[in-house]
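So the chains spell out like this:
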Amino acid sequence: MKNYKEILKMAVGNEVEAYEFYRDAAAKMKDPAMKKTFQELADEESGHKVLLEGYLSNEMKDMKFSEEKDYKVAETVEAPQALSTDMAFKASIALAMKKEQEAMEMYRLFADASEGAKQKETFLELAKMEKGHKVRLEGIYTDIAFTEVW
């Protein structure tokens, strides 16, 4: 259980980092739609932090996230390593997709390393949550990256 709590603390830190990334991205965007998208993602990450903190304080609630179809767009896209003020929207979405992919993979690794069924289930649900973000960002990315199709 001690290792589980340490992993949850790390996960809380990851959610804070994701929140700050999306908040900063929202602040840097001039386009109102882009600003709104990143602010919504920041708000979701803030909610995930609260959820994980509830787990840390033993207020274990069952989590259930829908299973999204993963078309693995993020796995095929080159992305910059860091957010910058002059970054194009397409590049910022690519970076965000990669961050969500990394989070999803991290939770899957935690699930694989889990000994208890409840712990494993928790991490698999967290992986689904991150996958949902990844899929959402991939949809935005394909809409802006392939505008000539429309």
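Reading the values: rules and limits
Residues numbered from 1 in each chain as written. Predicted model: local features only at pLDDT ≥ 70, side-chain atom pairs only at ≥ 80, totals over all residues. Heavy atoms only, no water. Axes fitted to C-alpha atoms, helices over the stretch in contact; angles between N-to-C directions. Helix = DSSP H or I, 4+ residues; strand = E, 2+ residues; numbered from the N terminus. Parallel < 35°, antiparallel > 145°, perpendicular 65-115°, else oblique. Left-handed = near helix turned anticlockwise from the far one by under 90°. Contact = heavy atoms within 4.5 Å. Phe/Tyr/Trp six-rings, centres within 6.5 Å; stacked < 30°, edge-to-face > 60°. Buried < 20%, exposed > 50% of the residue type's maximum accessible area, 1.4 Å probe, protein only. Nonpolar A, V, L, I, M, F, W, Y, C, P; charged D, E, K, R; others polar. Core = buried A, V, L, I, M, F, W, Y, C linked by side-chain atoms within 4.5 Å. Expected span 1.5 Å × (residues − 1). Salt bridge = Lys/Arg side-chain N within 4 Å of Asp/Glu carboxyl O.

Q: Mind showing me how you'd approach the packing of helix α2 (residues 32–56) against helix α3 (residues 89–113) here?
A: Packed helix pairs are specified by the crossing angle of their axes together with the interaxial distance, meaning the distance between the axes. With their axes 12 Å apart at the nearest point, α2 and α3 run at an angle of 15° to one another. Classified by the interaxial angle, the pair formed by α2 and α3 is roughly parallel. Where α2 crosses over α3, the two elements pack in a sense that is left-handed. In this structure, α2 contributes M34, F38, E45 and L52 to the contact, and α3 contributes F89, S92, I93, A96, E100 and Y107.

Q: What is the right way to look at the packing of aromatic side chains in this model?
A: One pair of aromatic rings is described through two measures. These are the centre distance and the angle between the planes. For the coordinates displayed, the defined rule picks out 6 aromatic pairs. Ring geometry for Y107 and F110: centres 6.4 Å apart, planes at 70°, overall edge-to-face. Residue Y107 and its partner F110 are located together in helix α3, separated by 3 residues, close to a single helical turn. The exposure class of Y107 is buried, given its relative accessible area of 0%. For F110, a relative accessible area of 15% gives the class buried.

Q: Help me understand the packing of α3 against helix α4 (residues 117–145) in this model?
A: Running from N to C, α3 and α4 cross one another at 160°; their axes reach a closest spacing of 8 Å. With respect to α4, the axis of α3 lies roughly antiparallel. In this structure, α3 meets α4 at a crossing whose hand is left-handed. A per-class count over the contact of α3 with α4 returns 19 nonpolar, 2 polar and 9 charged.

Q: Honestly, the nonpolar core in this entry has me stumped. Any pointers?
A: The tendency in soluble globular proteins is for nonpolar side chains to be buried side by side. Counting residues in hydrophobic clusters, the biggest one holds 26 residues, and the most contacted among them are Y22, F38, F89, I93, M97, L137 and Y141. Residue assignment for this core shows that the elements contributing at least two residues are α1 (2–28), α2, α3 and α4. Top element by residues in this core is α3. It accounts for 6 residues. With sequence-adjacent residues up to four places away left out, F38 is seen in contact with Y22, A25, A26, M29, F89, S92, I93 and A96.

Q: Help me understand the environment of K49 in this model?
A: Structurally, the position occupied by K49 is in helix α2. Judged by relative accessible area, K49 falls into the partly exposed class, the value being 27%. The residues touching K49, leaving out its near neighbours within four places in the chain, are V12, E15 and V16.

Q: Explain α2 to me, please; I cannot follow it from the model alone.
A: Owing to its 3.6 residues per turn, the α-helix brings residues three or four apart onto one side. The terminal C-alpha atoms of α2 lie 36 Å apart, and with 25 residues this matches the ideal 36 Å at 1.5 Å per residue to within 8%. Phi for N58, located one or two positions after α2, is positive at around 65°.

Q: It is not clear to me how the pattern of salt bridges should be interpreted in this structure. Could you clarify?
A: Two side chains carrying opposite charge are able to pair once their charged atoms lie near each other. Under the defined criterion, the tally for this structure stands at 9 salt bridges. We note a salt bridge from R136 to E40, for which the minimum N-O separation is 2.5 Å. Here E40 lies in helix α2 and R136 lies in helix α4, a separation of 96 residues in the sequence. Taking relative accessible area as the criterion, R136 reaches 28% and is therefore assigned partly exposed.

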